[in-house]
Amino acid sequence: MVETLGKNVIQLSQATFEFILLLQQTILNVFKPPFRWKEFVKQLEFVANGSLIIVVFCVSFAAMVTILESSFHMKMVIQNDSMVPGFAAMLIFKELGAVVTALLLTSRVGAGMTAEVGSMKITEQIDALKMLGIDPVHYLVVPRWLATIIGATLLTVIANMVCLYCAFLVSQAYLGFTEGIFITNLTRFVRFSDLFQSCVKGASFGTVIPLMSCYWGFRCQSGAEGVGTATTNSVVASSVAIIMIDFILSFMFS
Amino acid sequence: MQIWRVSTQSFATTGMAGFFVGAIMTVQFTMQMKEFGALGYLGGLATSATIREIGPLLIAFMLSGKVGAFTSAELGTMRVTEQIDAIRCLGADPLQEIILPRFIAIVVSSFFLLGLGLFMSIFGGMFLGGLFAGVNYEEYFRHIPTIVAFPSIVAGLIKCFVFALVLATICTFKGYSTTGGAKGVGRAVVETAVSTMVCIVIADWMTSFMGDIILRLVSGV
């Protein structure tokens, strides 16, 4: 019991150290001269364009549920639901838009990157890169990192807008608000800085996802089982990291 | 055995996720309730919102990464290394031998894990309520029974059960139908994670809508 606990703690601290090392290397490598535009654009297309439909789809369903549930709660506590647009919009901007987008990106982009880097690792392509004198961090991680930061920020803005629009439609169809009431109530609660906070959240989630996935991809063990395990680990680690960062940022902004 | 394995592996992750989800919801609700001076309702409201809506959704997302991806990776590996064909050669039905125990195990243990996560979220909320909003613990708990009615808990648990079913179905299917080597396993895991999340969001919407309609029918309004 104590032995396994100690082993786990040592492993965890080692992993954290290696992760920070990867982060440092990535940041240093961003400024090294040959900037790989082609790879960057390809990754941006994969991250942002490829995930757009899924994100919009999921987020719109989430928005519908959110506004219905907040109406339910407001009716229960203060017996009327006239504040619902403002409240639901606050919840969407501060919490739901960024987090749901990031969790979706984790499973789509993060898992995809781990699987890709992991299979490169086990087919010894990464060793081949090293032989050619190319730093794998510079070649693989940096374009993915930059692309995901930008992609996640953009997707967060889009997700927030779609979310708001869906809540708007549902509140008219199902809860009986008119457009005017909805917008008036909305502007009373939501400020522009809320959207900015949401963007900051999106960008910080975008920082974590590719680093986590590349980290697990580099550590991939050989064989089909190794790729599966690495992908699972990366998804779990990123999701936990996202929820913790979300908590820290919410705490800091309030 | 499968139940034990799935549960123990995800126990800590789920508990922690639940704790943080509760904490986040409390922080958010504090900011809103302060404007009304209604901090007394904080505990009840945050708990109710977490149990009915945000909690199951976010924790199920976590589990789809943890349990779903793990299972489909395992089944995919079995498929790719031809272990499933070997079982068939031995005259056993792979569906019965491999899929069924895993399916049941995932449904049962995800259900309990989600329940655990929701339970932990109450404590997360309580802790942060004390730390952040200055609401002491008794005050936090006082309004929970009045606001979190029995139907809310049932709704939350029904959601958990539906999510568990969705998760189990998708990850066993995707894992079982893997093709093409190590790359195929990676692809199967990615597909599992993505389609599970999409289906969970849809299931969330359906249960909320259906629950609302059924409640209306039952109460006769």
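Going by the structure above, here's the rest.
Conventions used here
Residues numbered from 1 in each chain as written. Chains lettered and ligands numbered in written order. Predicted model: local features only at pLDDT ≥ 70, side-chain atom pairs only at ≥ 80, totals over all residues. Heavy atoms only, no water. Contact = heavy atoms within 4.5 Å. Buried area = accessible area lost by both parts, 1.4 Å probe. Salt bridge = Lys/Arg side-chain N within 4 Å of Asp/Glu carboxyl O. Polar contact = N/O pair within 3.5 Å; in protein donor to acceptor, adjacent residues only side chain to side chain. Helix = DSSP H or I, 4+ residues; strand = E, 2+ residues; numbered from the N terminus. Nonpolar A, V, L, I, M, F, W, Y, C, P; charged D, E, K, R; others polar. 1 Å grid on protein atoms, 1.4 Å probe; cavity = no way out; pocket = protein on both sides within 12 Å on 5 of 7 lines; lining within 4 Å. Points joined across faces, edges and corners; volume = space filled by probe spheres on them. Buried < 20%, exposed > 50% of the residue type's maximum accessible area, 1.4 Å probe, protein only.

A. Quick look at the interface of chain B and chain A. On the side of chain A, 53 residues touch chain B, which itself brings 55 residues to the contact. Of the roughly 4,800 Å² buried where chain B meets chain A, counting both sides, 82% is carbon and sulfur surface. For the interface between chain B and chain A, the tally reads zero salt bridges. At the surface where chain B touches chain A, the tally comes to zero residue pairs in polar contact (both at pLDDT 80 or more). Secondary-structure elements contributing two or more residues to the side of chain B that touches chain A are α1 (2-36), α2 (42-80), α4 (94-133), α7 (150-176) and α8 (181-219) of chain B. For the side of chain B that touches chain A, the leading source of residues is α8(B), giving 19 residues. The residue makeup of the side of chain B that touches chain A, split by class, is 37 nonpolar, nine polar and nine charged.

B. A look at the layout of surface pockets. All names here are of chain A. When its volume is computed, the largest pocket comes out at roughly 1,100 Å³. Around the largest pocket sit 24 residues that line it, and Leu12, Ala15, Trp216, Asn233 and Ala237 are the ones nearest its centre. With 11 residues, the top contributor of residues to the lining of the largest pocket is helix α1 (residues 2-30).

C. Inspection of the pattern of salt bridges at higher detail. Counted according to the given criterion, the structure contains 10 salt bridges over all chains. For Arg144(A), the salt bridge identified is with Glu116(A), shortest N-O distance 3.1 Å. Placement of the pair is Arg144(A) in helix α5 (residues 136-173) and Glu116(A) in helix α3 (residues 84-122), with a sequence separation of 28 residues. For Arg144(A), a relative accessible area of 1% puts it in the buried group. You can call Glu116(A) partly exposed: its relative accessible area is 35%. The salt bridge involving Asp204(B) is made with Lys159(B); its shortest N-O contact spans 2.9 Å. Highlighted residues: Asp204(B) in helix α8 and Lys159(B) in helix α7, separated in sequence by 45 residues. Considered together, Asp204(B) and Lys159(B) belong to a single accessibility category, that of buried residues.

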